[in-house]
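# Structural overview for review
Here is how the chains run, residue by residue.
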Amino acid sequence: MKVDIITLFPEMCRAPLMGSILGKAMERGLWELGVHDLRQWSTDRHRRVDDTPYGGGQGMVMQCAPLFAAVEALATPDSRVVLMTPQGRRLDQRVVESYTACRHLIILCGHYEGIDHRVVETLVHDEISLGDYVLTNGAIAATILTDAVIRLLPGVLGDERSSQEESFSAATGLLEAPCYTKPVEFRGLKVPDILLSGHHANIAKWKAGQSLRRTQAMRPDLLREHRAPALSAAPLQKSPAAPADTPPA
Ligand SMILES: C[S@@+](CC[C@H](N)C(=O)[O-])C[C@H]1O[C@@H](n2cnc3c(N)ncnc32)[C@H](O)[C@@H]1O
């Protein structure tokens, strides 16, 4: 897959996407990244890409001409053009999984008040939102979308099972079971005995039960969506935290 991000802030996308697991996957040729400064397609002598909104109002609007030129320079018949916008479809794991089938993503990042709507109507296939809040620009949103998609590509995580067992995966749609590491005991807090038993079938059963319990405690909406089976009798390992819709303290 190739991802081209068009933004006014290329440096905000490059570091997170070129390091760690995604950077190594890029070195191994599993995906390609292009991060482009929109100003290179400006014909203005000051490299401006925005102007005041028709009809009045605050802020500036990103103009058609540089965005059309950028997409026309990068697009191929395989391209899917995605606009990051708070007005778009909410990003979730199902949307992310659907993008793994694409060969080429062109991601447009807005800034200021947003982009001229003629771009949305003419060039954009999908409008995607991270959630019901407003960021200052789309670079972080594009980086998050790219990270979420690329880590699902074959070979990127090294072991496809790890993404299949993860929260929201297509396999269950539930939250992942709690995980533990060494030491076995820390300040009197012990790792559940079942995880030390070496009995793989029982461990899998325990994890399935914990996954259901945790989903019921934190995200009951997911249980309704995926019509999950009834909860097992296994106790939840950790008392539930605040409900998902409560902001962190
Ligand atoms: C300040 S926002 C513009 C918001 C716009 N005036 C509105 O009210 O819908 C600037 C840019 O940040 C990006 N952005 C802001 N919030 C976002 C979100 N929740 N999801 C995805 N992109 C977002 C978009 O690219 C947007 O064009």
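Not measured: the values here are computed from a predicted model. What you see as residue numbers is a count from 1 along each chain, following the sequence as written. Predicted model: local features are reported for residues with pLDDT of at least 70 only, side-chain atom pairs are reported and counted for 80 or more only, and whole-chain, interface and lining totals are derived from all residues. Only hydrogens and water are set aside; all other atoms, that is, all heavy atoms of the structure, feed into the side-chain values.

The numbering of helices and of strands both runs from the N terminus, where a helix is a DSSP run of H or I of at least 4 residues and a strand a run of E of at least 2. By definition here, a helix of n residues has an expected span of 1.5 Å times n minus one. The first and last C-alpha atoms of helix α6 (residues 139-150) sit 16 Å apart over 12 residues, in line with the 16 Å expected at 1.5 Å per residue. Throughout, exposure labels follow a simple rule: accessible area from a 1.4 Å probe, protein chains only, divided by the maximum for the residue type, with under 20% read as buried, over 50% as exposed, and the rest as partly exposed. Those residues of α6 lying buried are Ala139, Ala141, Ala142, Thr143, Leu145, Thr146, Ala148, Val149 and Ile150. Turning to α6, the residues buried within the fold contact β1 (2-7), α1 (10-18), α2 (20-27), β5 (79-90), α4 (93-99) and β6 (104-109). Contact definition: two residues touch when any of their heavy atoms are within 4.5 Å.

Our focus in this paragraph is the side chain of His111. Relative to the helices and strands, His111 resides in the loop between β6 and α5 (117-123). Between N or O atoms, a polar contact is any pair within 3.5 Å; within protein, one atom must be a potential hydrogen donor and the other a potential acceptor, and residues adjacent in sequence are included only when both atoms are from side chains. There is a polar contact of 3.3 Å between the side chain of His111 and the backbone oxygen of Thr136. When residues no more than four places from it in sequence are discounted, the contact partners of His111 are Leu8, Phe9, Met62, Thr136 and Asn137.

Near the ligand you find 21 residues, and of these Met84, Gln87, Gly110, Glu113 and Tyr133 are the closest. Contact between the ligand and Leu130: a nitrogen atom at 3.0 Å from a main-chain N or O atom of the residue. For the area figures, the Shrake-Rupley method with a 1.4 Å probe applies, and any residue is considered shielded solely by the protein chains shown. When the ligand is considered free in solution it has 590 Å² of accessible area, and contact with the protein chains removes 85% of it. Elements that contribute at least two residues to the shell around the ligand include exactly β5 and β7 (126-129). No other element matches the 4 residues that β5 contributes to the shell around the ligand. Under the grouping applied here, Gly and all other residues not named as nonpolar or charged are polar, the nonpolar ones being Ala, Val, Leu, Ile, Met, Phe, Trp, Tyr, Cys and Pro and the charged ones Asp, Glu, Lys and Arg. Class assignment for the residues of the shell around the ligand results in 10 nonpolar, 10 polar and 1 charged. Only a single heavy atom is needed: when it lies within 4 Å of a molecule or strand, its residue is near that molecule or strand.

Next up on the list: the pairing of β5. Whether two strands pair comes down to DSSP finding at least two bridges between them. Relative to β6, β5 is paired through 6 bridges, and the arrangement is parallel. The residue of β6 that forms the bridge with Val81 is Ile106.

So yeah, pure geometry; function would need other evidence.
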